[in-house]
Amino acid sequence: MTGNIKLKNWVKECAELCQPDNIVWCDGSEAEKERLEKQAFATGELIQLNQEKLPGCAYHRTATNDVARTEHLTFICTRRKEDAGPTNNWMSPEEGYERAGAIFRGSMRGRTMYVIPFSMGPIGSPFSKIGVELSDSIYVVLNMRIMTNMGQAVLNALGTDGKFTKALHGKAERDINKRLILQFPEDNTIWSVGSGYGGNVLLGKKCLSLRIASYLGRQEGWLAEHMLIVGIQDPQGRMTYIAGAFPSACGKTNLAMLVPPEALKAKGFKVVTIGDDIAWMRIKEDGRLWAVNPETGFFGVVPGTNWQTNPNAMATTQKNTIYTNVALKPDGTVWWEDGDGPPPAEAQDWQGNYWRPGMTDEDGKTVTGAHPNSRFTTPASQCPCIAPNWQDPEGVPISAFLFGGRRARLAPLVYQSFNWQHGVFVGATMASERTAAQYGKLGEVRRDPMAMLPFCGYNMADYFGYWLATGKKLTNPPKIFHVNWFRTDERGKLPWPGFGENLRVLDWIVKRCRDEAAAEETPIGYVPAPGAIDMSGLDIPAKVMEKLLSVSPDDWADDLKNIKEFFTGFGDRLPGEIWEEYRALNDRFGNGASR
Ligand code: GTP
Ligand code: SPV
Ligand code: MN
């Protein structure tokens with residue numbers, strides 16, 4: 001176990017609060033995994049899937065009211081409200097501990113509390129952070145086992161006086177009215193109660209690796225970002241690493257493991273995956289940003305994943321995978337919308353109800369077999385395109401940043417910012433249509449700077465300032481681009497095929513980083529010159545490409561108004577450089593008057 005007195009005392013304190021019947025320290029062993037699975041199968045917390053077809057795989061359903069992150073119940077608990085900023089929900093630490101404490105109190109009676117020591121990043125690397133999660137959920141233990149380095153080795157690395165993030169989770173009644181996801185960055189503490197859904201309860205992920213880590217990163221001089229990390233090897237054998245921030249359910253996992261289209265594969269392109277959701281980055285002596293993926297697994301969106309769109313994810317998830325909220329077939333395998341093959345004649349849906357294709361509810365709406373935010377949890381090591389150096393504690397050097405989201409109209413397929421400061425503005429003005437990954441109105445466009453709106457652990461105005469300051473320290477900064485795979489035509493169709501074909505855009509980006517591709521200047525940045533994107537083997541009329549890359553002044557005038565409103569909310573705390581970029585963009589459109 002551990003000789004760390006602080007850890008022992010904290011576990012004792014939490015046990016006094018939650019009053020579990022037992023406390024089990026997790027060692028991360030295979031035997032432990034088997035024992036926990038057996039228990040979970042016996043109680044129904046997990047269902048064992050068909051072991052011939054899906055060896056090592058299990059199935060889980062969350063409560064019907066608990067299927068996505070609940071951002072309105074997620075709080076940053078700093079002493080001063082201004083330090084959380086206008087985009088975060090805020091609660092004072094006193095109120096947070098008191099309100100959540102009342103829900104935690106006695107909530108583990110009759111249950112076991114698991115002590116889960118975990119390391120984000122390789123154990124023992126100076127780049128890594130240790131956390132300990134206490135949870136009364138076996139599902140959480142088994143997920144953390146996939147998503148992090150977990151077990152006794154972490155306690156050994158922690159030693160007798162090592163620092164760790166204190167992360168307490170309890171399912172309690174899983175009542176949405178008694179649910180709180182609280183970050184206390186000043187105490188390096190997370191309290192999550194009343195939920196059993198991934199992002200709310202796998203506390204090493206969004207809560208630690210983004211909300212707490214962004215706060216620590218600013219103090220310690222590094223960046224914690226909601227970014228995939230992918231390596232593109234060109235036909236000359238040169239590897240370029242790109243990190244990309246897209247909001248939840250906007251394509252990070254897919255881009256991280258894309259398969260080159262035939263024509264580019266034949267030319268010699270290769271793609272390797274470092275990470276699909278989170279990047280921790282530091283400036284090294286060479287003046288570049290180096291990124292590591294602190295996770296060891298993928299917690300990915302299931303619907304839409306198939307052997308066509310994402311064969312690497314399909315191959316990864318054939319074994320040792322936990323499926324959450326998909327449809328369960330009679331033969332003990334799983335099914336989801338926009339997967340492979342025809343739907344089963346009948347199945348159990350994600351809520352455990354009888355389901356057949358085409359079923360409708362009282363309002364005549366189609367009932368889906370899988371929840372739109374159903375997820376797989378799967379070991380990154382099983383991914384066929386995982387990079388050989390994916391766990392290198394030094395990380396990989398980043399040449400380009402991508403920002404992007406779902407914009408049916410506004411943003412062209414790709415554009416490049418003029419420089420770092422403009423690139424930070426491009427990131428800060430990101431917006432996207434809301435997906436099923438969080439509660440809220442689907443499709444509504446919301447501003448989501450750097451895809452960090454729900455994940456920044458401090459005032460976002462200061463966060464922009466920190467990005468600007470970081471740029472000043474980089475002698476060789478990544479070039480910054482914006483992409484949009486989701487622009488629609490007049491009929492609401494997507495002319496851009498996306499997925500593997502996105503490599504054509506990445507190729508242009510890589511070439512821009514090497515000054516090897518042509519571009520045209522527009523008010524918003526550089527777009528590919530006609531013919532600059534490699535279209536070999538892909539039949540899209542030049543006219544359609546022109547449209548995909550076009551910039552509409554009217555649409556931008558509308559967006560500028562919305563941007564202004566958004567930035568005004570930060571008051572004086574917003575860095576002047578951001579307003580400078582705002583005015584410059586306005587001027588480039590010739591809208592001087594509307595400043
Ligand atoms: P989180 O795990 O929530 O952070 O999501 P993510 O950003 O990793 O998104 P993911 O790659 O899982 O994609 C989410 C959804 O978008 C899936 O249904 C995908 O099929 C779809 N998608 C991803 N890439 C593309 C693309 O290039 N084009 C289109 N049309 N859809 C895409
Ligand atoms: C996201 O929503 O950005 C995810 C899934 O990656 S969750 O872990 O639930 O946050
Ligand atoms: Mn994510």
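Scroll up a little and you will see the structure.
Per chain, residue numbering runs from 1 following the sequence as it is written. To read the labels, note that chains go from A and ligands from 1, taken in the order they are written. Per-residue local features of the predicted model are confined to residues with pLDDT of at least 70, and side-chain atom pairs are confined, for both listing and counting, to 80 or more; whole-chain, interface and lining totals are unaffected and use all residues. Side-chain measures were taken over the full set of non-hydrogen atoms in the model, leaving aside hydrogen atoms and water.

Draft legend 1. The coordination of the manganese ion (ligand 3), seen in detail. Donor selection uses N, O and S atoms within 2.8 Å of the metal (3.2 Å for Na, K and Ca). Since no water is included, sites may look incomplete. Taken together, Lys206 (NZ), His226 (NE2) and Asp277 (OD) make up the protein donors of the manganese ion (ligand 3), found 2.1 to 2.5 Å from the metal. All geometry calls rest on donor angles, where a four-donor set with angles between 85 and 135 degrees is tetrahedral, four- and six-donor sets with opposite donors more than 155 degrees apart and all others between 65 and 115 are square planar and octahedral, and all else is irregular. Geometry at the manganese ion (ligand 3) is irregular, judged from the six donor atoms that bind it and their angles of 63 to 173° at the metal. Sequence spacing of the donor residues for the manganese ion (ligand 3), all on one chain, is K-x19-H-x50-D. One end of the pair, Lys206, is in helix H7 (residues 204-220); the other, His226, is in the loop between strand E11 (223-225) and strand E12 (228-233), with 20 residues separating them in the sequence. The residues Lys206 and His226 share a single accessibility class, namely buried. Helix and strand definitions here come from DSSP, where helices need a minimum of 4 consecutive H or I residues and strands a minimum of 2 consecutive E residues; each element is numbered from the N-terminal end. Buried, partly exposed and exposed residues are distinguished by accessible area as a fraction of the type maximum, computed with a 1.4 Å probe on protein chains only: under 20%, between the cut-offs, and over 50%, respectively.

Draft legend 2. Focus on the site of ligand 2. Around ligand 2 sit Arg69, Tyr197, Gly199, Lys205, Lys206, His226, Ser248, Asp277, Phe299, Arg375, Ala437 and Phe455, and that is every residue in its neighbourhood. A distance of 2.5 Å is found between an oxygen atom of ligand 2 and a side-chain nitrogen or oxygen belonging to Lys206. Under this definition, polar contacts are N or O atom pairs within 3.5 Å; protein pairs additionally need one hydrogen-donor-capable and one acceptor-capable atom, and for neighbouring residues in sequence, both atoms have to be side-chain atoms. Within the side chain of His226, one N or O atom sits 3.3 Å away from an oxygen atom of ligand 2. Per-residue and other accessible areas follow the Shrake-Rupley method at a 1.4 Å probe size, with only the shown protein chains counted as cover for residues. Considering ligand 2 on its own, with 280 Å² of exposed area, one finds that the protein chains cover 98% of that surface. Mapping ligand 2 onto the cavity grids shows that it belongs to the largest pocket. Charged residues are taken to be Asp, Glu, Lys and Arg, nonpolar residues to be Ala, Val, Leu, Ile, Met, Phe, Trp, Tyr, Cys and Pro, and polar residues to be all remaining types, Gly included. Its residues assigned to classes, the shell around ligand 2 comprises four nonpolar, three polar and five charged. The domain boundaries here were taken from an automatic or database domain assignment. Counting only domains with at least three residues in the shell around ligand 2, you end up with domain 1 (5-44 + 70-221) and domain 2 (225-297 + 388-588). For each residue, the test is whether any non-hydrogen atom lies within 4 Å of the molecule or strand; if one does, the residue is near. Site definitions follow a grid-based scheme: protein atoms alone, a 1 Å grid, a 1.4 Å probe that fits but cannot get out for cavities, and for pockets an open set with protein on both sides within 12 Å along at least five of seven lines, plus lining residues having an atom within 4 Å of a point. In this scheme, a molecule is assigned to a cavity or pocket if more than half of its atoms are within 2 Å of the grid points.

Draft legend 3. Main features of the sheet that holds strand E18 (residues 322-324). If DSSP finds at least two bridges between two strands, the strands pair. Read across the open sheet, the five strands follow the order E2-E3-E18-E23-E17; overall the sheet is mixed. In the strand order of this sheet, the two ends are held by strand E2 (47-48) and strand E17 (297-301), each with one partner.

Draft legend 4. Region of interest: the layout of surface pockets. Grid points are joined across faces, edges and corners, and a volume is the space filled by probe spheres set on the points. Its boundaries defined by the atoms lining it, the largest pocket holds a volume of some 1,100 Å³. Along its surface, the largest pocket is lined by 49 residues, and Ala249, Asn254, Val301, Pro303 and Arg406 are the ones closest to its centre. Looking at the lining of the largest pocket, the elements that each hand over two or more residues are H7, helix H8 (252-256), E17 and strand E23 (375-379). A per-element tally of the lining of the largest pocket places H8 first, with four residues. Looking at which domains feed residues into the lining of the largest pocket, each of domain 1 (5-44 + 70-221) and domain 2 (225-297 + 388-588) supplies at least three. Taken as a whole, the second largest pocket encloses approximately 490 Å³ of empty space. Around the second largest pocket sit 17 residues that line it, and Trp350, Lys365, Thr368, His371 and Pro372 are the ones nearest its centre.

Draft legend 5. Representation of the pattern of salt bridges. Whenever a carboxyl oxygen of Asp or Glu lies within 4 Å of a side-chain nitrogen of Lys or Arg, that contact is scored as a salt bridge. Under the criterion given, the structure shown has 35 salt bridges. With its nearest N and O atoms 3.1 Å apart, the salt bridge here joins Arg99 to Glu95. Of this pair, Arg99 and Glu95 both sit in helix H3 (residues 93-104), four residues apart, which is roughly one turn of the helix. What makes Glu95 partly exposed here is its relative accessible area of 35%. As a salt-bridge pair, Lys267 and Asp534 come within 2.5 Å of each other at their nearest N and O atoms. With Lys267 in helix H9 (residues 262-267) and Asp534 in the loop between strand E30 (525-528) and helix H14 (542-548), this pair connects stretches of sequence that are 267 residues apart. Relative accessible area serves as the criterion here: at 16%, Asp534 is assigned to the buried category. Connected through salt bridges with shared partners, the residues Arg80, Asp83, Arg218, Asp462 and Arg573 form a single ionic network.

Draft legend 6. Structural view of the site of ligand 1. Residues in close proximity to ligand 1 total 22 residues, the closest being Ala249, Lys252, Thr253, Asn254 and Arg375. At 2.8 Å, a side-chain N or O of Lys252 approaches an oxygen atom of ligand 1. When the free accessible area of ligand 1 is taken as 660 Å², the share hidden by the protein chains comes to 91%. When atoms are counted within 2 Å of each cavity's grid points, the one that captures over half of ligand 1 is the largest pocket. If you list the elements that add at least two residues to the shell around ligand 1, you get H8 and E17. Split by residue class, the shell around ligand 1 holds ten nonpolar, eight polar and four charged.

Draft legend 7. Summary view of the environment of Lys561. Structurally, the position occupied by Lys561 is in helix H15 (residues 553-568). According to the relative accessible area criterion, Lys561 is exposed, its value standing at 59%. Once the C-alpha coordinates of Lys561 and Cys385 are considered, the two residues, 176 residues apart in sequence, prove to be 43 Å apart.

Draft legend 8. Quick peek at helix H1 (residues 5-18). Counted at 1.5 Å a residue, the expected span for H1 with its 14 residues is 20 Å, and the 20 Å between its end C-alpha atoms agrees. The complete set of buried residues in H1 reads Leu7, Trp10, Val11, Cys14, Ala15, Leu17 and Cys18. One side of H1 holds all its buried residues, which, seen down the axis, span an arc of 160°. Summarising the geometry of H1, the exposed residues directed more than 90 degrees from the buried face are Ile5, Lys12, Glu13 and Glu16. Here the expected length of a helix is defined as 1.5 Å per residue gap, with one fewer gap than residues. As used here, the arc is the angular range of directions from the helix axis to the C-beta atoms.

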